[in-house]
Amino acid sequence: MEKINKLSTTAVPLAMEDIDTDQIIPSRFLKAISRAGFGDNLFRDWRYDKADKPIPSFILNNPLYNGEILIAGRNFGCGSSREHAAWALVDYGFKIVVSSFFADIFKGNALNNGILPITVSETNLQALLKIVNLNPKAIFEVDLAAQSFCYKEALKINFEIDAYKKECLLNGYDDIDYLLSIKQDIVAYESL
């Protein structure tokens, strides 16, 4: 996984609520055995019409909006427990998803696949969406070590994250990489 520490980037606003994993990556695209290529079908049924032509009104098709942060409405990642939803977000280029609520299984899958899910209050979520909608080139600063999400001096949000998952994201570790990083400690303990 890629390390996440400090990130300075624009964001994509997707204010819809209750976005489920089938909307993130439709089930008909789950046949691949590799994680590559899922980003092409991220929000597929919202991005493209039946003739596979981009739907201009969908936010990912709007050239004004891009960046490594997705700011989404409440209850993001609900529905089935497909890990492919996290794969699609990573493959598309998102490193952070911000919402006022995440489905637990999606949140775990995101963390396990190198995405930082940041939970904010509904008030802060609406403020962030307003900032991006008024200025698509607004730059947000994320500092995982300090657990802060900022927009200039105008808005600073501190967020919570599990200490273990924080260490994994800071170092680019999956669970196996983490165990390998403490191998000497494990060997020492086992030799007692």
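None of these values were measured; they are calculated from a predicted model.

### Considerations on the overall build of the protein
- Per the secondary structure count, the protein includes eight helices and eight strands.
- The C-alpha atoms of the protein give 17 Å as radius of gyration, which agrees with the globular expectation for 192 residues (16 Å, within 12%).
- Considering only C-alpha atoms, the protein reaches an extent of 65 × 45 × 25 Å along its principal axes.
- Relative to its 192 residues, the protein shows a buried fraction of 45%.
- Residue pairs in contact within the protein that sit at least 24 positions apart in sequence constitute 65% of those at least 6 positions apart.
- As displayed, the protein offers around 10200 Å² of accessible surface, 52% of which is attributable to carbon and sulfur atoms.
- Across the protein, the 20 positively charged side chains and the 25 negatively charged ones have centroids separated by 5 Å.

### A word on the sheet that holds strand β6 (residues 140–143)
- Judged by pairing direction, the sheet is antiparallel, and its four strands sit side by side in the order β1-β6-β7-β8 without closing on themselves. Of all the strands in the sheet, the pair left with one neighbour each is β1 (6–9) and β8 (155–158). For this sheet, the mean inter-axis angle between neighbouring strands, taken without regard to orientation, is 10°.

### Some remarks on the environment of lysine 107
- Among the secondary structure elements, lysine 107 is positioned in helix α4 (residues 104–112).
- Ignoring anything within four residues of it in the chain, the contact list for lysine 107 reads Phe102, Pro117 and Thr119.

### Some words on the sheet that holds strand β5 (residues 116–119)
- Here we have four strands laid out as an open sheet, ordered β2-β3-β4-β5, and parallel in their pairing. The open sheet has two free edges, formed respectively by β2 (11–14) and β5, since each of these has just one partner strand. Across the sheet, the mean angle from the axis of one strand to that of its neighbour is 20°, orientation sign disregarded.

Calculation criteria
- Residues numbered from 1 in each chain as written.
- Predicted model: local features only at pLDDT ≥ 70, side-chain atom pairs only at ≥ 80, totals over all residues.
- Heavy atoms only, no water.
- Helix = DSSP H or I, 4+ residues; strand = E, 2+ residues; numbered from the N terminus.
- Rg over C-alpha atoms; globule rule 2.2 N^0.38 Å.
- Buried < 20%, exposed > 50% of the residue type's maximum accessible area, 1.4 Å probe, protein only.
- Contact = heavy atoms within 4.5 Å.
- Areas by Shrake-Rupley, 256 points an atom, 1.4 Å probe, with all protein chains shown as cover.
- Lys, Arg positive; Asp, Glu negative; His and termini not counted.
- Charge placed at Lys NZ, Arg CZ, Asp CG, Glu CD.
- Pairing = 2+ DSSP bridges.
- Axes fitted to C-alpha atoms, helices over the stretch in contact; angles between N-to-C directions.

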